[in-house]
2 protein chains.
Amino acid sequence: MPAQVPKRLRGRPKQTDNDISIQQTIIYTASTLFKEFGYETVTLQQIGKKCGVSKPTIYYHFASKADLFQAAMTTMLQNVKKITSRMLEEAEHLQDGLIQLAEARLANPHGQIETMMREAEPLLEETHIHAIRDAEHQIHEVLAAHFKLAMEQQMFREEDPLFLAEAFSTLMLMGNREHDMKKFESHHVLAEKIVHVFLNGVTLS
Amino acid sequence: MPAQVPKRLRGRPKQTDNDISIQQTIIYTASTLFKEFGYETVTLQQIGKKCGVSKPTIYYHFASKADLFQAAMTTMLQNVKKITSRMLEEAEHLQDGLIQLAEARLANPHGQIETMMREAEPLLEETHIHAIRDAEHQIHEVLAAHFKLAMEQQMFREEDPLFLAEAFSTLMLMGNREHDMKKFESHHVLAEKIVHVFLNGVTLS
């Protein structure tokens with residue numbers, strides 16, 4: 001199907017590859033704009049203009065700005081989930097996987113997502129909020145599964161693995177503190193320091 | 001001096017007790033409104049209406065909305081600093097002080113301040129941002145001083161105490177996750193769990 005889409009399409013035909021790539025372009029552009037200017041300010045027109053598609057084309061793929069926002073947020077979160085899975089599965093030791101993951105997440109601070117959500121929440125419906133929170137929760141589930149395994153292997157003490165996943169994720173917000181981060185040499189050094197606190201605490205053993 | 005203030009006051013006379021209490025009322029009201037609606041949305045008129053003072057009275061105390069915002073934010077942060085000092089100084093053991101402090105901060109999530117700052121920053125001048133960030137930094141300095149002492153007493157391992165202060169503060173953001181917090185019995189239980197991770201890590205010793 002060509003990029004030009006009939007203006008008022010009622011029934012949606014089966015999506016072609018081209019449709020999917022347009023959809024991904026819209027999602028990517030929307031993510032970038034929402035991150036920079038926040039949910040409320042960004043218009044569908046602005047998104048369309050930036051990625052070179054018409055507003056009707058956006059409406060062909062997304063019923064509303066809120067739907068597009070949901071798609072943008074869940075896509076970002078699914079990417080974080082994929083990276084989390086891959087890094088923890090490929091690492092020889094959990095510690096190495098956590099450091100790699102921390103380095104990646106500190107470089108791409110998640111706090112922006114939290115800020116966007118707080119701003120957008122009053123303007124979204126319950127279903128949008130739920131879908132986004134669920135995508136976030138799935139990242140924690142991946143972490144929690146690895147932490148649970150570490151407990152079974154007597155590497156971690158017994159604790160609610162989901163609580164530990166949330167504690168680890170929260171520590172990743174240190175990446176938002178750009179004004180403070182100048183002090184630390186690099187994301188890698190900061191990642192090592194944070195994972196060290198998470199694994200061993202600060203008490204002298 | 002009565003609450004009614006001349007409309008165009010040029011020189012500011014020495015502040016009376018009444019002036020100070022009006023100023024505090026304005027700051028308190030502004031904090032509440034900024035927290036609820038964000039910096040951009042809230043008007044000085046709205047703040048004045050809510051605390052029963054005229055817009056000129058607000059201008060008698062604060063040169064601009066940005067100045068009032070700065071006063072509101074630094075006042076909140078100075079309170080957190082005071083609580084931090086008091087709790088850590090009065091506690092018999094650092095661990096108890098940290099749990100008490102965590103409990104207080106989880107109940108009053110700091111994340112709102114971060115969200116407000118991100119929204120307001122593009123609309124503020126460098127001096128405002130600097131004053132607010134400095135008030136925040138002072139909380140970390142208090143924490144860092146106690147952590148440094150713990151290192152000198154061989155309780156904590158050697159680490160940049162300011163980094164540890166920021167890690168501890170970041171963990172307090174778990175209080176923002178109201179949607180997840182239902183799982184944990186109370187702020188006290190959550191505070192204990194977080195301080196346990198911070199002090200001892202998750203590795204089985």
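This text follows the structure it describes.
So, here's what we can say about the structure. (Residues numbered from 1 in each chain as written. Chains lettered and ligands numbered in written order. Predicted model: local features only at pLDDT ≥ 70, side-chain atom pairs only at ≥ 80, totals over all residues. Heavy atoms only, no water.)

Our focus in this paragraph is the packing of helix H5 (residues 94-107) of chain A against helix H7 (residues 126-152) of chain A. Residues and elements named next belong to chain A. Remark: H5 packs on H7, axes separated minimally by 12 Å, with the N-to-C direction vectors making an angle of 160°. Compared by their axis directions, H5 and H7 come out roughly antiparallel. By crossing handedness, the relation of H5 to H7 is classed as left-handed. Counted together, Leu94, Leu98, Leu101 and Arg105 of H5 and Ile139, Leu143, His146, Phe147 and Ala150 of H7 form the full contact between these two elements. Each residue belonging to the contact of H5 with H7 can be placed in one class, and the counts come to seven nonpolar, one polar and one charged. (Axes fitted to C-alpha atoms, helices over the stretch in contact; angles between N-to-C directions. Helix = DSSP H or I, 4+ residues; strand = E, 2+ residues; numbered from the N terminus. Parallel < 35°, antiparallel > 145°, perpendicular 65-115°, else oblique. Left-handed = near helix turned anticlockwise from the far one by under 90°. Contact = heavy atoms within 4.5 Å. Nonpolar A, V, L, I, M, F, W, Y, C, P; charged D, E, K, R; others polar.)

Counting residues in hydrophobic clusters, the biggest one holds 62 residues, and the most contacted among them are Phe147(A), Phe198(A), Phe147(B) and Phe198(B). Leave out the neighbours within four places in its chain, and Phe198(B) touches Val197(A), Gly201(A), Val202(A), Leu98(B), Phe147(B), Phe156(B), Leu164(B), Ala167(B), Phe168(B) and Leu171(B). (Core = buried A, V, L, I, M, F, W, Y, C linked by side-chain atoms within 4.5 Å. Buried < 20%, exposed > 50% of the residue type's maximum accessible area, 1.4 Å probe, protein only.)

The subject of this paragraph is the packing of aromatic side chains. Tallied over the entire structure, the rule returns 15 aromatic pairs over all chains. With a centroid separation of 5.6 Å and an interplanar angle of 40°, the aromatic rings of Phe34(B) and Tyr39(B) are classed as tilted. A single burial state applies to Phe34(B) and to Tyr39(B), both of which are buried. Joined through ring pairs, the aromatic side chains of Phe147(A), Phe156(A), Phe168(A) and Phe198(A) make up one cluster. We note Lys193(A) situated over the ring of Phe163(B); from NZ or CZ to the ring centre the distance is 5.0 Å. (Phe/Tyr/Trp six-rings, centres within 6.5 Å; stacked < 30°, edge-to-face > 60°. Lys NZ or Arg CZ within 6 Å of the ring centre and 35° of its normal.)

In this section: the interface of chain B and chain A. Counting residues at the interface gives 42 residues for chain B, matched by 42 residues for chain A. Roughly 3,800 Å² of surface becomes buried between chain B and chain A when both sides are summed, with 58% attributable to carbon and sulfur atoms. For chain B, the biggest contributors to the area lost against chain A are Arg157(B), Phe163(B) and Val202(B); these three give 19% of the whole. Scanning the region where chain B abuts chain A turns up two salt bridges. At the boundary of chain B with chain A, the tally comes to 14 residue pairs in polar contact (both at pLDDT 80 or more). For the side of chain B that touches chain A, the secondary-structure elements that each account for two or more residues are helix H6 (111-120), helix H7 (126-152), helix H8 (161-171), helix H9 (178-181) and helix H10 (187-200) of chain B. By residue number, the principal contributor to the side of chain B that touches chain A is H10(B), which donates eight residues. (Buried area = accessible area lost by both parts, 1.4 Å probe. Salt bridge = Lys/Arg side-chain N within 4 Å of Asp/Glu carboxyl O. Polar contact = N/O pair within 3.5 Å; in protein donor to acceptor, adjacent residues only side chain to side chain.)

The values reported here are purely geometric and, on their own, carry no functional implication.
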